[in-house]
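# Summary of structural features
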Amino acid sequence: SAVISQKPSRDICQRGTSLTIQCQVDSQVTMMFWYRQQPGQSLTLIATANQGSEATYESGFVIDKFPISRPNLTFSTLTVSNMSPEDSSIYLCSGGGQGSGTEAFFGQGTRLTVV
Amino acid sequence: KQEVTQIPAALSVPEGENLVLNCSFTDSAIYNLQWFRQDPGKGLTSLLLIQSSQREQTSGRLNASLDKSSGRSTLYIAASQPGDSATYLCAVNTGNQFYFGTGTSLTVIP
């Protein structure tokens, strides 16, 4: 399967600042997703990153807070804006195409702590 | 909306035991089901992928089964080892999105 390089792997940020997380895939993928995983919880989908168009956000997540870019089929970024301690989580990007044989694969995750 | 549930939420077993993790989903219209392993603070590592037309997949000491009509999957781990300690997640692929279970936290005691 494809490999996603995600960075940074972790960061400690000040309240009110923004952090941009990058994911680079070693091959073209149809779909990319961004997830948040709060401590002790499962994954919550933030948005589907669409190539060349605006991301599709899930309920409870908005573009102003989590702007996403996907300029091509191998790269995407997620920005966590105007951070507060409640944004402390692991953020994960994922790739996977449509179709029965398509495997989901993940980046290494970004562990974000907001102080 | 698809809902995925995993039972038990946590499991502790002595080394060498065989064990079964369970995953259930509410909508059988899936493309595939995937089992993942997650170590603390890390990303997800894919273990097994079962396509909707398949009944089971095996990799080493791991065997995953799928009963799509009843909305169930199991992950069987044989001869457990301390290195198997992690959280195990199942996810179903509906074609447009992946839905994740709540996870089973496994501890294998030496």
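Now for a description of the structure that goes with this document. Numbering of residues starts from 1 in each chain and follows the order in which that chain's sequence is written. Written order decides the labels, with chains lettered from A and ligands numbered from 1. Predicted model: local features are reported for residues with pLDDT of at least 70 only, side-chain atom pairs are reported and counted for 80 or more only, and whole-chain, interface and lining totals are derived from all residues. Side-chain calculation: all heavy atoms of the structure are included, whereas hydrogens and water are not.

### Observations regarding the packing of aromatic side chains
Pairing of aromatic rings covers Phe, Tyr and the six-membered ring of Trp, with a centre-to-centre limit of 6.5 Å; geometry is then stacked below 30 degrees between planes, edge-to-face above 60, and tilted otherwise. Under the definition given, this model contains eight aromatic pairs over all chains. Note on phenylalanine 33 of chain A and phenylalanine 98 of chain B: the rings are 5.8 Å apart at their centroids and 90 degrees apart in plane angle, and the pair reads as edge-to-face. Pair noted here: phenylalanine 33 of chain A is in strand 4 (residues 32–37) and phenylalanine 98 of chain B is in strand 10 (residues 98–100), and the two residues belong to different chains. Note on exposure labels: buried denotes an accessible area under 20% of the residue type's maximum, exposed denotes more than 50%, and partly exposed covers the range between, all computed with a 1.4 Å probe on protein chains only. By relative accessible area, which is 0% here, phenylalanine 33 of chain A ends up buried. By the ring-pair criterion, three or more aromatic residues cluster together here, those being Phe33, Tyr35 and Phe106 of chain A together with Phe36, Phe98 and Phe100 of chain B. Comment: elements are numbered from the N terminus, with helices defined as DSSP H or I runs of at least four residues and strands as E runs of at least two.

### Observations concerning the sheet that holds strand 7 (residues 68–72) of chain A
Residues and elements named next belong to chain A. Here the rule is simple: two strands pair whenever DSSP picks up at least two bridges between them. One open sheet accounts for four strands, arranged 1-3-8-7; its pairing is antiparallel. Because the sheet does not close on itself, it has two edges, and the strands there are strand 1 (4–7) and strand 7. The average undirected angle you get between the axes of adjacent strands in this sheet is 15 degrees. Taken together, the three bridges between strand 7 and strand 8 (residues 75–80) define a ladder with antiparallel strand orientation. Its bridge partner lying in strand 8, serine 69 is registered against threonine 77. Helix axes are fitted to C-alpha atoms over the stretch in contact, other axes to C-alpha atoms as well, and angles between N-to-C directions run from 0 to 180 degrees.

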